[in-house]
Amino acid sequence: MSLIEVSGVERTYRQGEVEVHALRGVDVTVEGGEFSALAGPSGSGKTTLLNMIGGLDSPTAGTVDVNGSRISDMDRSKAADYRLHHIGFIFQAYNLVPVLSAYENAEFVMMLQGVPKAERRERVVPMLREVGLEGMIDRKPSELSGGQQQRVAIVRALASRPKLILADEPTANLDSETSADLLDLMLELNQEYGTTFLFSSHDELVLERARRVVRLRSGQIESDQRDSDEQVA
Amino acid sequence: MGTMILKLAARNLLRNTWRSGLTAGGIAVAVGLLIWTNAFVEGYMAQMIEGTTAVELGQVQIHRGDYADQQAIYKSFEPKPEMMESIRSVEGLEAVAPRVEFFGLAGTERKSQTTRILGVEVGAEKDVSLLDDAIEKGRWLEPSDQGREVVLGQSLARQIGVDVGDELVVIAQAQDGSLGNDLLDVVGIVKTQNNMIDRQTAIVPLKEAQFLGALGGEVHELAIRTKKPDQAEAVANTVRQRLADRRIEAIGDDGEPKKVGFTVQSWQDLVPEMNQMIQMSKSSIWIYYIIIYLIAALGILNTQRMSALERRREFGVIQAIGMSPGRLFGVVMLETVILSLFGALLGVLAGGGLSIYHAAYGFDMGIFASHDTFSMLGVGMSAHVYFIVTLEGVLQPVLALLPVAILCGLWPALSSANLDPASAIAGRQ
Ligand SMILES: Nc1ncnc2c1ncn2[C@@H]1O[C@H](COP(=O)(O)OP(=O)(O)OP(=O)(O)O)[C@@H](O)[C@H]1O
Ligand SMILES: [Mg+2]
């Protein structure tokens, strides 16, 4: 069984009288350990699809299974609990809790999981060092640069060792050099921990680094390319 | 985890110190004001009770059973030593004084006036009433007095036209129908703010009153002072039980012999209008609570709603990374509760402190009254109110605040817990 199985997913939003078809029949599977990207123009449905996979939104039709669990059927609390234990999330910006330090933000998910303090420290401190945040762990998010904040968000997502990390345009607010660095870091962690990464972007420089790029257009999959440019779907 | 929620809540409150401080300050003012008001009302009421009871009334009075229907000089009884002893031993009782009371005429050759003759046992009376403290001129009665001394109410003395050192003729119909009269020396003038005493009363030693009324050793009234004013009803109940089986042989209004018991009344029974007023003041304070807390609630609700709305995105992210809606509800709720408790603590310190100050040094109501003392329902009141701080008076406003705070926190907490994380993160409503 694949780590992610999306089949026949449709999502229609109602805005008063108007119906917006954000996704119109998406089928996609992602295997464990992949480092894949969702690409496509603005409004093509990238965020919507990532939200479906993370259980933040429910499909109008179709099903989403993650790690064998039908997340598309879960209620809010169940989905939150599922994310807590199996899925890491990274967003575009303002990911961090402003009143907590970099260290406290990084340990936040494990804290929610009830991991003991000593173990949290043991895991978080080396990882913060690894992403280049040594000496900044007591800083508040407002005292960190955008790239540094995203690194804290990555550590937060990764420290609890989820199977899957979903990242919605994690580099959108960063310059291209910082973006490339961040992607390299994610790839490194993907290899080191075997964590599956699925991220969205419209930045070609970023997409270059993905092992697989799934392109969306108007809520449908337009293409699905693996590393060697060979067509898959 | 619990400490984390606490840390989050506390830091979130500190994030906007100005706003949190203002809200906590508002709560503090509300709580402090209520604590201060409670202590004021408690003190003011105690002063009213004291003003009503201390001058002459006492907190509990005992009469012959038929005395209340129609006061008459012949409705007297003998205060037997063992009966006095059994009353004196009641828990909470401070002192008991026998009195004789009837009406007669007092005056000079030129002018006379209907007068209430009040006979008091000089030693015991000092412990029960404040009549001795109300001396305006001359002196109070002494135990060594020979029985010819009289102390007059101020207005009465002025009306008759006598002063300390003058002689006063007193005439009264005795209980056997004979006419008693005597020539007394005015030794003192009292001024109490109590109209009955100031305008109508002549106070004489008990023996003298018993002589004038041909009462032998009998009296009309036993006045009791309790250790604390709020013990009046309890003491009255105990005394009532102890006197329940006692009967005295008496002649009824119809001339037939009959047996009568005793009536025991607390000041609440004796001056029901005062008691009613006190009860009303105490219960109407709830309206005040409601108004103050309604204003406080608007403040709390507004702050917490604004701060929750500002953090929609943050709450969306937190839920996306796995915080359950229930926990988020707890965090936001806790913020409101901490803010309210902090405000309440400030209020307790400020309101309690000010109340303690006013308990020690008094609060001058001179701004409301033009005189240092004024009369209310015929009772003399000092414009200086000494507050009484009770645990209940301090805790009640705090306890009443809690449900208000919880109600105000409910809405922001629920809306934060129920937000749609996807929309919140995207910045949509
Ligand atoms: N909650 C919603 N209500 C109404 N319309 C929505 C909602 N969420 C998404 N949409 C619409 O669905 C479509 C897909 O949106 P989505 O955010 O998934 O696109 P995207 O590919 O992530 O775009 P971008 O690159 O700009 O982030 C858009 O037309 C968007 O306006
Ligand atoms: Mg998007």
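Heads up: the structure comes first, above all this text.
Quick caveat: nothing in here was measured; it's all calculated off a predicted structure.

**Re the sheet that holds strand 3 (residues 35–39) of chain A**
Residues and elements named next belong to chain A.
Part 1 of the argument: On the basis of which strands lie adjacent, the open sheet formed by six strands has the order 6-7-8-3-9-10 and mixed pairing. Each edge of the open sheet carries a strand with a single partner, namely strand 6 (87–90) and strand 10 (220–226). Averaged over all pairs of adjacent strands, the angle between strand axes in this sheet comes to 15°, irrespective of strand direction.
Part 2 of the argument: Pairing of strand 7 (residues 164–168) with strand 8 (residues 196–200), which is carried by five bridges, proceeds in the parallel orientation. Directly across from Ala167, in strand 8, lies its bridge partner Phe199.
Part 3 of the argument: On the sheet, helix 7 (residues 176–193) packs against strand 3 and strand 8 and is oriented at approximately 155° with respect to strand 8.

**Here's the deal with helix 1 (residues 2–15) of chain B**
Part 1 of the argument: Here helix 1 of chain B is 14 residues long and its end C-alpha atoms lie 20 Å apart, about the 20 Å a rise of 1.5 Å per residue gives.
Part 2 of the argument: Residues B:Met4, B:Ile5, B:Leu8, B:Ala9, B:Asn12 and B:Leu13 constitute the buried set of helix 1 of chain B. Along the axis of helix 1 of chain B, the buried residues cluster in a sector spanning 170°; they form a single face. Across from the buried face of helix 1 of chain B, at angles greater than 90 degrees, the exposed residues are B:Thr3 and B:Leu14.
Part 3 of the argument: The secondary structure elements touched by the buried residues of helix 1 of chain B are helix 4 (108–113) of chain A together with helix 2 (17–57), helix 11 (312–320) and helix 12 (325–361) of chain B.

**A word on the packing of helix 10 (residues 272–310) of chain B against helix 13 (residues 391–417) of chain B**
Residue and element names in this part refer to chain B.
Part 1 of the argument: The N-to-C vectors of helix 10 and helix 13 enclose an angle of 30°; their axes lie 9 Å apart at closest approach. Relative to helix 13, helix 10 is oriented roughly parallel. In the packing of helix 10 onto helix 13, the handedness of the crossing is right-handed. Here helix 10 contributes Trp286, Tyr289, Tyr293, Ala297, Ile300, Leu301, Gln304, Arg305 and Ala308 to the contact with helix 13, which in turn contributes Gln396, Pro397, Val398, Ala400, Leu401, Val404, Cys408, Trp411, Pro412 and Ser416.
Part 2 of the argument: Looking at side-chain class alone, the contact of helix 10 with helix 13 contains 15 nonpolar, three polar and one charged residues.

**Examining the interface of chain A and chain B**
When the parts of a complex come together, some accessible area is lost, and that lost area is often taken as the interface size.
Part 1 of the argument: Of the residues lining the interface, 24 residues belong to chain A; the matching set on chain B comes to 26 residues.
Part 2 of the argument: When chain A packs against chain B, the two sides together hide about 2200 Å² of surface, and 63% of this comes from carbon and sulfur.
Part 3 of the argument: Three residues stand out in chain A for area buried against chain B, namely A:Arg76, A:Val99 and A:Leu112, and they jointly supply 27% of the buried area on that side.
Part 4 of the argument: The interface formed by chain A and chain B contains two salt bridges.
Part 5 of the argument: A:Glu104 is paired through a salt bridge with B:Lys7; the nearest N and O atoms lie 3.0 Å apart.
Part 6 of the argument: Seen at the junction of chain A and chain B, the total is ten residue pairs in polar contact (both at pLDDT 80 or more).

**Examining unusual backbone geometry**
Residue and element names in this part refer to chain A.
Part 1 of the argument: One non-glycine residue, Asn67, adopts positive backbone phi at about 55°.
Part 2 of the argument: Looking at the element boundaries, Asn67 is found in the loop between strand 4 (61–66) and strand 5 (69–70).
Part 3 of the argument: According to the relative accessible area criterion, Asn67 is partly exposed, its value standing at 33%.
Part 4 of the argument: Not every positive phi belongs to a glycine, and Arg161 is a case in point at roughly 55°.
Part 5 of the argument: By secondary structure assignment, the location of Arg161 is in the loop between helix 6 (146–159) and strand 7.
Part 6 of the argument: Judged by relative accessible area, which is 43%, Arg161 ranks as partly exposed.

**Quick notes on helix 11 of chain B**
Part 1 of the argument: Taking burial as the measure, the nine residues of helix 11 of chain B include eight buried ones, the bulk of the element.
Part 2 of the argument: Among the residues of helix 11 of chain B, those classed as buried are B:Arg312, B:Glu314, B:Phe315, B:Gly316, B:Val317, B:Ile318, B:Gln319 and B:Ala320.

**Let's talk about the pairing of strand 7 (residues 179–190) of chain B**
Remember that side chains alternate between the two faces of the sheet whenever the strand is regular.
Residue and element names in this part refer to chain B.
Part 1 of the argument: Pairing of strand 4 (residues 135–138) with strand 7, which is carried by three bridges, proceeds in the antiparallel orientation. Residue Gly138 lies in a different strand from strand 7, and its bridge partner there is Gly188.
Part 2 of the argument: Pairing analysis gives five bridges linking strand 5 (residues 149–153) to strand 7, with the strands arranged parallel. Residue pairing in the sheet places Val150 in a bridge with Val186 of strand 7.

**Let's talk about the side chain of B:Glu125**
Residues and elements named next belong to chain B.
Part 1 of the argument: Checked against the element boundaries, Glu125 lands in helix 4 (residues 122–128).
Part 2 of the argument: What makes Glu125 buried here is its relative accessible area of 1%.
Part 3 of the argument: A distance of 2.7 Å separates a polar atom in the side chain of Glu125 from a polar atom in the side chain of Arg99.
Part 4 of the argument: When neighbours within four sequence positions are excluded, Glu125 is seen to be in contact with Ala97, Arg99, Val120, Leu131 and Trp140.

**Some thoughts on a nonpolar patch on the surface**
Residues and elements named next belong to chain B.
Part 1 of the argument: Together, Leu105, Val169, Ile171, Leu179 and Leu183 make up an exposed nonpolar region whose accessible area comes to about 400 Å².
Part 2 of the argument: Elements with a contribution of two residues or more to the nonpolar patch: strand 6 (167–173) and strand 7.
Part 3 of the argument: Within the element layout of this structure, Val169 appears in strand 6.

**Quick notes on the packing of aromatic side chains**
Each aromatic ring pair is summarised here by two numbers: the centre-to-centre distance and the angle between the ring planes.
Part 1 of the argument: Applying the stated rule across the entire model yields 14 aromatic pairs over all chains.
Part 2 of the argument: Ring plane angle 5° and centroid distance 5.1 Å describe the contact between A:Phe89 and A:Phe91, whose orientation is recorded as stacked. The same class applies to A:Phe89 as to A:Phe91, namely buried.
Part 3 of the argument: The interplanar angle of 65° and the centroid separation of 5.6 Å between the aromatic rings of B:Phe40 and B:Phe387 together place this pair among those described as edge-to-face. With B:Phe40 in helix 2 and B:Phe387 in the loop between strand 16 (384–385) and helix 13, this pair connects stretches of sequence that are 347 residues apart. Both residues of the pair, B:Phe40 and B:Phe387, count as buried.

**A short note on the side chain of B:Glu149**
All names here are of chain B.
Part 1 of the argument: Along the chain, the position of Glu149 falls in strand 5.
Part 2 of the argument: Buried and unpaired, Glu149 has Arg139 as its nearest opposite-charge partner, separated by 4.6 Å.
Part 3 of the argument: Of the polar contacts made by the side chain of Glu149, one reaches the backbone nitrogen of Gly147; its length is 3.0 Å.
Part 4 of the argument: Those residues in contact with Glu149 that lie beyond four places of it in its chain are Arg139, Leu141, Asp185, Val187, Ile203, Val204 and Pro205.

**Let's talk about the site of ligand 1**
Part 1 of the argument: Around ligand 1 sit 15 residues, and of these A:Ser42, A:Gly43, A:Lys46, A:Thr47 and A:Thr48 come closest.
Part 2 of the argument: Of the chains in the model, those with residues near ligand 1 are chains A and B.
Part 3 of the argument: A:Ser42 is positioned with one of its side-chain polar atoms (N or O) 2.5 Å from an oxygen atom of ligand 1.
Part 4 of the argument: Between ligand 1 and the protein, one listed contact pairs an oxygen atom with a side-chain N or O atom of A:Thr48 at 2.5 Å.

**Overview of the environment of B:Val186**
Residues and elements named next belong to chain B.
Part 1 of the argument: Inspection of the secondary structure assignment puts Val186 in strand 7.
Part 2 of the argument: Residue Val186 is classed as buried on the basis of its relative accessible area of 2%.
Part 3 of the argument: Sequence separation between Val186 and Ser112 is 74 residues, and the spatial gap between their C-alpha atoms is 15 Å.
Part 4 of the argument: Discounting chain neighbours no more than four positions away, the residues touching Val186 are Val150, Leu152, Val162, Asp163, Val164, Gly165, Asp166 and Leu168.

The rules behind these values
Residues numbered from 1 in each chain as written. Chains lettered and ligands numbered in written order. Predicted model: local features only at pLDDT ≥ 70, side-chain atom pairs only at ≥ 80, totals over all residues. Heavy atoms only, no water. Pairing = 2+ DSSP bridges. Helix = DSSP H or I, 4+ residues; strand = E, 2+ residues; numbered from the N terminus. Axes fitted to C-alpha atoms, helices over the stretch in contact; angles between N-to-C directions. Contact = heavy atoms within 4.5 Å. Expected span 1.5 Å × (residues − 1). Buried < 20%, exposed > 50% of the residue type's maximum accessible area, 1.4 Å probe, protein only. Arc of directions from axis to C-beta. Parallel < 35°, antiparallel > 145°, perpendicular 65-115°, else oblique. Left-handed = near helix turned anticlockwise from the far one by under 90°. Nonpolar A, V, L, I, M, F, W, Y, C, P; charged D, E, K, R; others polar. Buried area = accessible area lost by both parts, 1.4 Å probe. Salt bridge = Lys/Arg side-chain N within 4 Å of Asp/Glu carboxyl O. Polar contact = N/O pair within 3.5 Å; in protein donor to acceptor, adjacent residues only side chain to side chain. Patch = residues over 30% accessible without salt bridge, like charges linked within 9 Å, V, L, I, M, F, W, Y side chains within 5 Å. Areas by Shrake-Rupley, 256 points an atom, 1.4 Å probe, with all protein chains shown as cover. Phe/Tyr/Trp six-rings, centres within 6.5 Å; stacked < 30°, edge-to-face > 60°. Lys, Arg positive; Asp, Glu negative; His and termini not counted. Near = heavy atom within 4 Å.

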